Amino acid sequence: MVGKVESVSWDFGDEVFHFECLIRRSSRAKRINLKVPEPRKVILTIPPWSSVAGGKEFLAQQKIWVREKSLQLPQPKTLAEYFLEEGSVWLDESPRQVTWSFDEKRKRPTQVIEPGLICFVFPDGVDLEIVLLKELMRLAQVYLKRRLAGCEENVQKRPLKCRIGNQSSRWGSCSGKGTISLNWRILLLPFPLGNYVLYHELAHLEHMNHSSQFWDYLDSLVPGAKKIDKELMKCGKEIIRLGLGRKWPG
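Source: prediction; values computed, not measured. (Residues numbered from 1 in each chain as written. Predicted model: local features only at pLDDT ≥ 70, side-chain atom pairs only at ≥ 80, totals over all residues. Heavy atoms only, no water.)

Trainee: Give a detailed account of helix H2 (residues 63-72), specifying residues and quantitative values.
Mentor: Listed in full, the buried residues belonging to H2 are Val66, Arg67 and Ser70. Along the axis of H2, the buried residues cluster in a sector spanning 95°; they form a single face. Summarising the geometry of H2, the exposed residues directed more than 90 degrees from the buried face are Ile64 and Gln72. Against the buried residues of H2 lie strand E1 (3-11), strand E2 (16-25), strand E3 (33-38), strand E4 (41-46) and helix H1 (52-61). (Buried < 20%, exposed > 50% of the residue type's maximum accessible area, 1.4 Å probe, protein only. Helix = DSSP H or I, 4+ residues; strand = E, 2+ residues; numbered from the N terminus. Arc of directions from axis to C-beta. Contact = heavy atoms within 4.5 Å.)

Structural data, given as structure tokens:
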């Protein structure tokens, strides 16, 4: 769903409330929908039968709710903040801390992977959030695919291919053609939770739904799957939002 981002300002008397609004049209939407994914960002989804003007009118009618919802949400952390607070990367069963430094002579990023540590060296003057995101996605291309291949040994079917992406709200997906797409942030989840996501998508190769048969099969791969799924929802709430400052969520 391609959309257009507009800057909006509302005068509340005590302050002028500024925010960005992503206006997008969806053929699947049954009504006008508003979402506030993070402070001062609003997603306005418009169904086929409504005009953009009608959507904006609906947005204006909800101005008090939009402002209150926005002010209640915490500011998303940057990747740098996350790692400075001792967030870990799980390339395998052992967590690794992330450190970085800058070198004016360096022309491109380099990395050293050691037990318990990943050390990046970046050229001077780079945007730290952007280069951290790029390097972590490169690691995911190697290590998430390696971890998925290890999980495949325990399942009945194999994926046609595996893609690594920067999804803003989903940990993974499995297409009807057998392509598994994984969110690079799985590397930031504790290893058992990350592997649960891998098995969850592999299980969809056998059952392309969330029926009782799906959960029974997934439970045979990961005992206590539903309990782990709830743990993922709780633990992953912050992690899934990391690194989204450079793109629109949703």
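Trainee: Quick rundown of the packing of helix H6 (residues 212-221) against helix H7 (residues 225-239)? Include the residues and the values.
Mentor: Helix-helix packing is described using two parameters, namely the angle between the two axes and the distance between the axes. Orientation of H6 relative to H7, taken along the N-to-C sense of each, is 90°, at an axis distance of 9 Å. One element, H6, and the other, H7, form an angle in the roughly perpendicular class. The segment H6 lies against H7, with Trp215, Leu218 and Asp219 engaging Ala225, Lys226 and Asp229. Among the residues making up the contact of H6 with H7, the classes are represented as three nonpolar, no polar and three charged. (Axes fitted to C-alpha atoms, helices over the stretch in contact; angles between N-to-C directions. Parallel < 35°, antiparallel > 145°, perpendicular 65-115°, else oblique. Nonpolar A, V, L, I, M, F, W, Y, C, P; charged D, E, K, R; others polar.)

Trainee: I'd like a rundown of the packing of helix H5 (residues 191-203) against H6, residues and numbers included.
Mentor: The geometry of H5 relative to H6 is characterised by a closest axis approach of 10 Å and an angle of 135° between their N-to-C directions. Taken together, H5 and H6 sit at an angle that is classed as oblique. In the packing of H5 onto H6, the handedness of the crossing is right-handed. Every residue of H6 that contacts H5 at Tyr196, Tyr199, His200 and Ala203 is listed here: Phe214, Trp215, Tyr217, Leu218 and Leu221. When the residues that make up the contact of H5 with H6 are grouped by side-chain class, the tally is eight nonpolar, one polar and no charged. (Left-handed = near helix turned anticlockwise from the far one by under 90°.)

Trainee: Can you tell me about the nonpolar core, naming the residues and giving the values?
Mentor: Within the largest apolar cluster, 53 residues are counted, with the highest numbers of intra-cluster contacts made by Phe83, Val89, Leu182, Tyr196 and Leu218. Broken down by element, this core gets its largest block of residues, 10 residues, from helix H4 (residues 128-152). With sequence-adjacent residues up to four places away left out, Leu182 is seen in contact with Leu144, Leu148, Cys162, Arg163, Ile164, Gly165, Gln167, Trp171, Gly172, Leu198 and Glu201. (Core = buried A, V, L, I, M, F, W, Y, C linked by side-chain atoms within 4.5 Å.)

Trainee: Can you explain the sheet that holds strand E10 (residues 179-183)? Please cite residues and give values.
Mentor: Across the sheet, three strands lie side by side as E8-E10-E9; this open sheet has mixed pairing. A single partner strand is all that each edge strand has here, and the edge strands are strand E8 (161-165) and strand E9 (172-174). Within this sheet the neighbouring strands show an average axis-to-axis angle of 15°, counted without direction. When E9 meets E10, the two strands line up antiparallel, connected through three bridges. (Pairing = 2+ DSSP bridges.)

In short, the description is geometric, and any link to function would need to be established separately.
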